[in-house]
Number of protein chains: 4
Amino acid sequence: MTMWDGRFTNKPDKLMLDFNASLPVDQALADEDIAGSIAWAKALGRARVLSAREVQRIVAGLKRILRKHRSGTLHFRAHDEDIHMAVERMLTEDIGETGAKLHTGRSRNDQVATDFRMFAKKRLSAVHGALCDLQKSLLKRAERDMSVIAPGYTHLQQAQPISLAQYWLSFLFALEREKTRVQNAIASADVMPLGSGALAGSAFPINRQAIARELGFSRVCENSMDGVASRDFALEALAALSSIGVLLSRYAEDLIIWSSREFGLVELDDAWATGSSMMPQKKNPDSLELIRGKCARFIGNYTRCASMLKGVGLTYYKDLQEDKEPLIDSLAQAMAGVQVFTQVVRTLRVKAKVIAASLDSFLFATDLADYLVHKKMPFRQAHKVVGRIVAHCVEHGVGLDELTVKQLREFSAAFSRDVRRVFDWKRALSARNVEGGTGMKSIARQIQRARGLVSSN
Amino acid sequence: MTMWDGRFTNKPDKLMLDFNASLPVDQALADEDIAGSIAWAKALGRARVLSAREVQRIVAGLKRILRKHRSGTLHFRAHDEDIHMAVERMLTEDIGETGAKLHTGRSRNDQVATDFRMFAKKRLSAVHGALCDLQKSLLKRAERDMSVIAPGYTHLQQAQPISLAQYWLSFLFALEREKTRVQNAIASADVMPLGSGALAGSAFPINRQAIARELGFSRVCENSMDGVASRDFALEALAALSSIGVLLSRYAEDLIIWSSREFGLVELDDAWATGSSMMPQKKNPDSLELIRGKCARFIGNYTRCASMLKGVGLTYYKDLQEDKEPLIDSLAQAMAGVQVFTQVVRTLRVKAKVIAASLDSFLFATDLADYLVHKKMPFRQAHKVVGRIVAHCVEHGVGLDELTVKQLREFSAAFSRDVRRVFDWKRALSARNVEGGTGMKSIARQIQRARGLVSSN
Amino acid sequence: MTMWDGRFTNKPDKLMLDFNASLPVDQALADEDIAGSIAWAKALGRARVLSAREVQRIVAGLKRILRKHRSGTLHFRAHDEDIHMAVERMLTEDIGETGAKLHTGRSRNDQVATDFRMFAKKRLSAVHGALCDLQKSLLKRAERDMSVIAPGYTHLQQAQPISLAQYWLSFLFALEREKTRVQNAIASADVMPLGSGALAGSAFPINRQAIARELGFSRVCENSMDGVASRDFALEALAALSSIGVLLSRYAEDLIIWSSREFGLVELDDAWATGSSMMPQKKNPDSLELIRGKCARFIGNYTRCASMLKGVGLTYYKDLQEDKEPLIDSLAQAMAGVQVFTQVVRTLRVKAKVIAASLDSFLFATDLADYLVHKKMPFRQAHKVVGRIVAHCVEHGVGLDELTVKQLREFSAAFSRDVRRVFDWKRALSARNVEGGTGMKSIARQIQRARGLVSSN
Amino acid sequence: MTMWDGRFTNKPDKLMLDFNASLPVDQALADEDIAGSIAWAKALGRARVLSAREVQRIVAGLKRILRKHRSGTLHFRAHDEDIHMAVERMLTEDIGETGAKLHTGRSRNDQVATDFRMFAKKRLSAVHGALCDLQKSLLKRAERDMSVIAPGYTHLQQAQPISLAQYWLSFLFALEREKTRVQNAIASADVMPLGSGALAGSAFPINRQAIARELGFSRVCENSMDGVASRDFALEALAALSSIGVLLSRYAEDLIIWSSREFGLVELDDAWATGSSMMPQKKNPDSLELIRGKCARFIGNYTRCASMLKGVGLTYYKDLQEDKEPLIDSLAQAMAGVQVFTQVVRTLRVKAKVIAASLDSFLFATDLADYLVHKKMPFRQAHKVVGRIVAHCVEHGVGLDELTVKQLREFSAAFSRDVRRVFDWKRALSARNVEGGTGMKSIARQIQRARGLVSSN
């Protein structure tokens, strides 16, 4: 028996019931569904559709269901169609006919949209908190690793020397933008559709603002059809989570490479690595590989929700039922990924000696060209001169800093004795105190700013 | 305790264990994993790595686990890392030290690739069978609806008259291509990686061909690194399933529109429709809407697997663990969607009277232009003439077949009395007996061919 | 000859030059690139790296290039690698050696990130303006169509009566959220990376804030590595545009269906429809079909950019070159789609008579159930009663409003003579003056609010 | 003026003409369109719809257009709607009224589907040829690098020693599967829709088989509606190309990492690398980074086409116009990517000395465990013993092969003097002559097989 079979002659097919059932997914919204129904019952009371006594019985019954749910003793039936029908069934079994009054003036269309938005808000807030924790973890690393001079890479080739703090801070500042997007997604979800009915608005004089206040919504939707049909808040949340996934995957890639024996710049703590079933020596950065791999999940979930919504007319089609699974998944996976990355960063061993040993003299090449610029050589020409010097060094297997001034002067007369000062890591860094640069003063300013961001969380 | 912690000092973090655990997903491969282990134990016996007695004990133990699994009494532990480690743990608990010999010369890398391919083959075959059933259902419909003359649509505008059978047959022939793709995907999966070890090949003299025969594989992989790293078979399967999803969504869209009151060409059986929680009159084609909506899931799963694989170097990274969930999901959903569509087609009510009443005289417009072509007017000019006639009819609210010959001659002197013959639905169809056309003879030939396809399944 | 071949022995292969060339795409950024170079030259002057005279020559030369570009007389060479190298080459050809000084302290890495952000800001603003125009168009429609009572659909089944204005307003309010997302994307793009150099920050004492002011940026990036590596602003823009595409596709779907002969609720103006090459009678809503189809392009562009970024480590890899094409395309297509929809809405013919005739008496079913609720029947029971009445009507082919009170009382004794008042479209609407509902008072409030939104643009 | 405006009163809007125009994309199909029209004219002649003289004039005119097209002197007009209308216009301008007869019995619906399939077949064949060339390039590398013993990686950690040939062969065998998918996609495209008309079949007695033979199609479609509506061949081609892109991206990732100074196993030839505009020392593997980045393009194109098709009913909607751009792009990019990779492999410098020096003694760990297995220790226990030995080595900074037998015996009494034989790279490889393994005999067999594949191309 379904709740809506008055006009039907045949019963739904068993296969159809399975295909149609959303309970395995939407029971995740049980808390929100019950809270929403409590608020709805009270609103019906205020609108004099239900008596005070009826409201009281319904609210008490719903609270009993909520308690059971939280203690894990709630039993769904095989063919409870969805969480809404399941809760109404249980309520009616518990308190009798009064339960059958709860759905007055409401539709599952506005009900599920409301549940889903409450759920999204709650979980997005949790992700926001986890992002703050990751920032704190990165700030500590930056403070600790300020004086570690490391190769900065482009194209995985050593490019210019940096303070390792510069790297951690790049991650921290990027996360600040992810937080903004999560906040924006929360604001988009923070609009209550309840009271929109099936599509045209409830036909009972409900005070929607009062319900919104009770359920923690900042606003109510301005239009009932939009309230029921719109899922752009979910798409926005999926995009925000996907952006986090992409960011994490990029830093994971670096740290996986840096964990190789050949790079050896960092080592994961045992607690965040795993071994091999066959090869006893293996210590694999699985935590980071999973973070990288799971990035694809966020992209897939976004694609799935967007292409589901494409071409689905108003006001409600069952296609929309497919909106919840991807968002629930992305929320859970983003939470886990951010938490794991936080611990990986916190427990990571930075191998300062290996890093120091890996600095290649070619990292000075830009500084050498800049030296020539200071000697009034146009940059493009200076670039060519140093290019030729580098080619010479590669051919003869010598370092850039091993050439004598005389040798350098064979490439350009602009070199003089003071060129030796170029080959000094600290000097190379201190030349880059421009705002945002890797110079120590710039990093100190960045850390100052980062502390502000992190403490204001 | 994990199975690989010899070289580790710290234990994995609880959060890491959760994040890393694949058991919730890969327990779906339990049957295949156990079958693979049985074959492996026998191969170790043939290679004299295990004694006959050891093989016997291991096989007996694995069969006990399999029986428990099938009877639903298998209990996994919270931190069994994956199905492989879970089975090995249970085996060792059951038969003691001999169980610890099972993993000799094998890696989880080649093991999981083998399990996953066996699983894919089995489920793809089931989908293939379901596609045949849907074809049978469509063939019956085509046979039944041959004489129903219906509007054929382009751009959802009535275009030319067709036999309704032509529509069902278009679906049937399209499904034949989906079947081919599923078969191709099975052939791609039908290559055994077992014996590839972690990446370099097993160091024990295993007869891989013998294992392949036992496990039902047609071939073994030619290269161990390729065997362990490749997942293109999964991507191909996801693409084949996505193509099915897209096809189903397109026919679902048509039938949803045709089920509207305004079109009213067909009506779903009650068993495949649902009602509304709020609006008592509603009978919604939810089954078809879900089929359409779930199409997005296949696209998302494809995108997810493809972008997961992108840029993942050889030979194995933990990223690859993310391959199973999308394929398992797409296989299950394709199966369900095809089965539901089969029943929807089988039980659908075609409303012949409504269809007949909905035929618009403008459906004859092409035939009227063709009439002028037969009178030697160039087609492009004929098209313009008839276009103007149609505009006239629209303006005056008359049907194309209501104009007198005299009125038609005001647009072109090429019209003569025989033009009246144009306005006959049966004639319009019979003009299209070209191969593949909607003429009755062509449809009879198509049905003949379709019977051949369906009976050969 | 390339600009960077000092250290190279062999020249790039012709195939490599083609594969690597980004000019066909990034010449779209020519305006921004030149503006950025002018600002950079001035900054080098302020930092005393260039003399006032050198700055003047460079700026004059760049302005000449800009003028040529705008007049379409700029000639790129086959193997100008990208827009940056092309402009530098032209400048040096024009003003000689001084041009070779422009690239001092700068890298293409920070340069292209700056160009791309300027471009994104400009085009996103244009899309924002177009969204406002579409809202205005919808507001006018809503004002005009207020008194058109139409069927509201769910599952493409007639559900409840609405004012057609309610439908247009749902679109208008949804667009307000799209505007917010576009604004958020602009804010994300509005951060200047210039001065970040290749990754470590420029080694010259550049005043980045001054450049930002000159180029219209609100902020400079806090960290040079983040400045060079980050593309989340592009991903956010792609998500915002994809959301617009999805929204448009949903309303397009409705209007395509409503344009069918069978629905016939609206008709597109000839200027926004097309005909058939074969069938003279056809008038197809191609504009809306293209809008729906192009939605997929936005999803594909998002997927493409996200999976490109996935796993790309810091600081710069050539993979990132693939970021521009999808965003440039999505920006252009969103602009066109919104503009076309604006005109389609503006010129649409609402066929009021057809709409009035299509209202089905079952649209009163919810109201009939609500009537019983007012008679103190629990809603779930009322729903069942009305469901049975509807089944009776379907079976006997009568309208809900054709039943006598006596007949109704056979289903429930709660019906009395006043039930006749239920069957009145205006009354049905006026029952839904809840905030956001389709009642006329509610719609008047919505229009008031909409006017505020539109006038504040 | 359009070709179909007979029934229209207003002209299309300029914006609509731009939005609707497909010529910028579909002019890529000009060759196929003209060839199709020639075959169509001949078929009309055979069907006695056109006279022999008319056929001759049309064919001659079309050939003139084709010649102009090939010499680049064809001029399209701003508002030629698409390639079909453009060709018909030019033909009519050239030969007069007879040109207006060409479109008899044909629709753009079957015409474009035919053009597109011909185009896809041709370009897919070219990709197939390029894949064969890449295989040849890999075979040569494998033959050359057979004796290079290199670390085999999993998780980017050194895992087991391999012959470098094993790596190249893994790529070669994987490509064989890509070729199969391309062949399957060609077979799917190799079905001719021409003669299907707009949807119902041509009303003229066309011999479709004869046209198919002339145009090089193996088959004609069995059903006209399917012929016009289906695009699964395009989706299959996009999936096949996407699979190639994914495969290339994975090997590109490896070679990018191996090109780093820290790994240093290989070096790209100058012709396939690029430099930096700022840093004179840089030599970046841009060719491989682009191959990796462009992988995302294939995924995006697949997603785009699949979500475009989702929910598009029969028989034709303008949405389908969006099918061509993604496939044309994926075909061109796959071609370029495969060609570039072929040259990268061909010209790559394998740095044998660096490879030899990078072999870590821990690569023997599995062999050491296998040694214990041969001494009858259960593998799981052997794995633990060796794990502890490795931990000891890591702690004390010694190599696995540096421990004395006595030291080893402290971990297990099973070790005896013969353990020293374990630490020999050649022996480690020769233990893996299992089919597909990295042993030299296995590799010789693989190369034998590969030669067969490559020579049969």
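On a predicted model such as this, the values are computed, not experimentally measured, just so you know.

Let us look at the pattern of salt bridges. This structure, assessed with the given rule, holds 169 salt bridges over all chains. Across the salt bridge formed by A:Glu222 and A:Arg219, the nearest N and O atoms sit 3.7 Å from each other. For D:Arg141, the salt bridge identified is with D:Asp145, shortest N-O distance 3.0 Å. Taken together, the positions of D:Arg141 and D:Asp145, both in helix 6 (residues 108-145) and four residues apart, correspond to about one turn of that helix. Taken individually, D:Arg141 and D:Asp145 each receive the classification buried, so the pair is uniform in this respect. Connected through salt bridges with shared partners, the residues A:Arg177, A:Glu178, A:Arg181, C:Asp226, C:Asp232 and C:Glu236 form a single ionic network.

It is worth spelling out the state of the cysteines at this point. Here, the word disulfide means a covalent bond between the sulfur atoms of two cysteines. If you walk through the whole model with that rule in mind, you get zero disulfides over all chains. The thiol sulfur of C:Cys295 is not disulfide-bonded, and the nearest other cysteine sulfur, from A:Cys305, lies at 11 Å. For C:Cys295, a relative accessible area of 0% puts it in the buried group.

To continue, consider the interface of chain A and chain C. With 109 residues of chain A at the contact, the number on the chain C side is 109 residues. Interface area, chain A with chain C, both sides summed: about 9,000 Å², of which 56% is carbon and sulfur. For chain A, the biggest contributors to the area lost against chain C are A:Glu222, A:Arg250 and A:Arg380; these three give 9% of the whole. Across the contact surface, chain A and chain C share 10 salt bridges. Of the charged contacts in the structure, one is a salt bridge between C:Asp226 and A:Arg177, with a shortest N-O distance of 2.8 Å. Linking chain A with chain C are 45 residue pairs in polar contact (both at pLDDT 80 or more), by the criterion used here. No other element matches the 12 residues that helix 10 (residues 232-258) of chain A contributes to the side of chain A that touches chain C. Of the residues in the side of chain A that touches chain C, the class split is 45 nonpolar, 36 polar and 28 charged.

Residue-level contacts link 110 residues of chain D with 109 residues of chain B. Considering only the surface of chain D that becomes buried against chain B, D:Glu222, D:Arg250 and D:Arg380 emerge as the three largest contributors, covering 9% of it. Where chain D packs against chain B, one counts 10 salt bridges. Taking the shortest distance from any N to any O, the salt bridge between D:Asp232 and B:Arg181 comes out at 2.9 Å. For the pair chain D and chain B, the number of links is 45 residue pairs in polar contact (both at pLDDT 80 or more). It is helix 10 (residues 232-258) of chain D that provides the largest number of residues to the side of chain D that touches chain B, a total of 12 residues. Among the residues forming the side of chain D that touches chain B, the class breakdown is 46 nonpolar, 36 polar and 28 charged.

Often, the extent of an interface is quoted as the loss of accessible area upon association of its parts. Segmenting chain A into domains produces domain 1 (5-104), domain 2 (109-357) and domain 3 (360-456). For domain 1 of chain A and domain 3 of chain A, the distance between their C-alpha centres works out to 70 Å.

In this structure, the largest pocket occupies an estimated 1,000 Å³ of space. Around the largest pocket, the lining comprises 40 residues; the ones closest to its centre are A:Glu267, A:Lys351, B:Arg7, D:Phe362 and D:Val394. In terms of residues, the lining of the largest pocket owes the most to one element, helix 15 (residues 379-396) of chain D, which gives five residues. Split by residue class, the lining of the largest pocket holds 12 nonpolar, 15 polar and 13 charged.

Leave glycine aside and you will find that most residues have negative phi; peptide bonds, for their part, are mostly trans. In this chain, A:Leu314 is followed by A:Thr315 through a cis amide linkage whose omega measures -5 degrees. Secondary-structure assignment places A:Thr315 in the loop between helix 11 (286-309) and helix 12 (324-347). Phi is positive for A:Lys376, close to 80 degrees, though the residue is something other than glycine. Checked against the element boundaries, A:Lys376 lands in the loop between helix 14 (365-374) and helix 15 (379-396). Exposure remark for A:Lys376: the relative accessible area of 58% places this residue in the exposed category. The residue B:His155 is not glycine, and still its phi comes out positive at about 55 degrees. You can call B:His155 buried: its relative accessible area is 6%.

Turning our eyes to something else, we now look at the relation of the copies chain D and chain B. Copy one and copy two of the chain differ by a rotation about a common axis and a shift along it. Once chain D is rotated about the relating axis by 180 degrees and shifted along it by 0.0 Å, it coincides with chain B to within an RMSD of 0.0 Å. Here the copies are linked by what is in effect a two-fold axis. Here 99% of the contact residues of chain D are again contact residues in chain B; the copies associate through an equivalent surface.

All names here are of chain B. Taking burial as the measure, the seven residues of strand 2 (residues 157-163) include seven buried ones, the bulk of the element. With six bridges connecting them, strand 1 (residues 149-154) and strand 2 associate as antiparallel partners. Counterpart to Pro-151 in the pairing with strand 2 is Pro-161. In sequence, strand 1 turns back onto strand 2 through a hairpin of two residues, with His-155 there showing a positive phi of about 55 degrees.

Superposition record for chain A on chain C: RMSD 0.1 Å, screw rotation 180 degrees, translation along axis 0.0 Å. Interface residue correspondence from chain A to chain C reaches 100%, placing this contact among same-surface, isologous pairings.

Of the residues in chain A, 100% reach a pLDDT of 70 or more, and the chain-wide mean stands at 95. The complex model carries a pTM of 0.97, and its ipTM stands at 0.97.

Take the packing of aromatic side chains next. Counted under the stated rule, the structure contains 46 aromatic pairs over all chains. Consider the rings of D:Phe116 and D:Phe233, whose centres lie 5.5 Å apart with planes at 70 degrees: the pair is edge-to-face. Taken together, the residues span a long stretch of sequence, with D:Phe116 in helix 6 and D:Phe233 in helix 10 at a distance of 117 residues. Through pairs of rings, three or more aromatic residues link up here, namely A:Tyr153, A:Phe263, D:Tyr153, D:Tyr167, D:Trp168, D:Phe171, D:Tyr251, D:Trp258, D:Phe263 and D:Phe341. Across the ring face of A:Tyr317, the terminal group of B:Arg292 is positioned such that the distance to the ring centre comes to 4.8 Å.

For the rest of this paragraph, the subject is helix 12 (residues 324-347) of chain B. The terminal C-alpha atoms of helix 12 of chain B lie 35 Å apart, and with 24 residues this matches the ideal 34 Å at 1.5 Å per residue to within 8%. Most of helix 12 of chain B is tucked away: 17 of the 24 residues are buried.

What follows is about the side chain of B:Glu32. Position of B:Glu32 among the secondary structure elements: in helix 3 (residues 30-46). Here B:Glu32 is in contact with B:Asp115, B:Met118, B:Phe119 and B:Lys122, once residues within four sequence places are set aside.

Attention shifts here to a positive patch on the surface. Residue and element names in this part refer to chain A. A grouping of Lys-136, Lys-140, Arg-144 and Arg-346 is seen on the molecular surface, where their side chains present a positively charged patch. Per-element tally for the positive patch: the top contributor is helix 6 (residues 108-145), with three residues. Secondary-structure assignment places Lys-140 in helix 6. With a relative accessible area of 56%, Lys-140 lands in the exposed category.

Residue and element names in this part refer to chain D. Interaxial distance between helix 6 and helix 7 (residues 164-189) falls to 9 Å at its minimum, and their mutual angle equals 165 degrees. Judged by the angle between their axes, helix 6 and helix 7 are roughly antiparallel. Crossing handedness for the pair helix 6 and helix 7: left-handed. Residue classes in the contact of helix 6 with helix 7 are distributed as 19 nonpolar, five polar and seven charged.

About the criteria used
- Residues numbered from 1 in each chain as written.
- Chains lettered and ligands numbered in written order.
- Predicted model: local features only at pLDDT ≥ 70, side-chain atom pairs only at ≥ 80, totals over all residues.
- Heavy atoms only, no water.
- Salt bridge = Lys/Arg side-chain N within 4 Å of Asp/Glu carboxyl O.
- Helix = DSSP H or I, 4+ residues; strand = E, 2+ residues; numbered from the N terminus.
- Buried < 20%, exposed > 50% of the residue type's maximum accessible area, 1.4 Å probe, protein only.
- Disulfide = S-S within 2.5 Å.
- Contact = heavy atoms within 4.5 Å.
- Buried area = accessible area lost by both parts, 1.4 Å probe.
- Polar contact = N/O pair within 3.5 Å; in protein donor to acceptor, adjacent residues only side chain to side chain.
- Nonpolar A, V, L, I, M, F, W, Y, C, P; charged D, E, K, R; others polar.
- Domains from an automatic or database assignment.
- 1 Å grid on protein atoms, 1.4 Å probe; cavity = no way out; pocket = protein on both sides within 12 Å on 5 of 7 lines; lining within 4 Å.
- Points joined across faces, edges and corners; volume = space filled by probe spheres on them.
- Least-squares fit on C-alpha atoms with pLDDT ≥ 70 in both.
- Pairing = 2+ DSSP bridges.
- pLDDT = per-residue confidence, 0-100.
- Phe/Tyr/Trp six-rings, centres within 6.5 Å; stacked < 30°, edge-to-face > 60°.
- Lys NZ or Arg CZ within 6 Å of the ring centre and 35° of its normal.
- Expected span 1.5 Å × (residues − 1).
- Patch = residues over 30% accessible without salt bridge, like charges linked within 9 Å, V, L, I, M, F, W, Y side chains within 5 Å.
- Areas by Shrake-Rupley, 256 points an atom, 1.4 Å probe, with all protein chains shown as cover.
- Lys, Arg positive; Asp, Glu negative; His and termini not counted.
- Charge placed at Lys NZ, Arg CZ, Asp CG, Glu CD.
- Axes fitted to C-alpha atoms, helices over the stretch in contact; angles between N-to-C directions.
- Parallel < 35°, antiparallel > 145°, perpendicular 65-115°, else oblique.
- Left-handed = near helix turned anticlockwise from the far one by under 90°.

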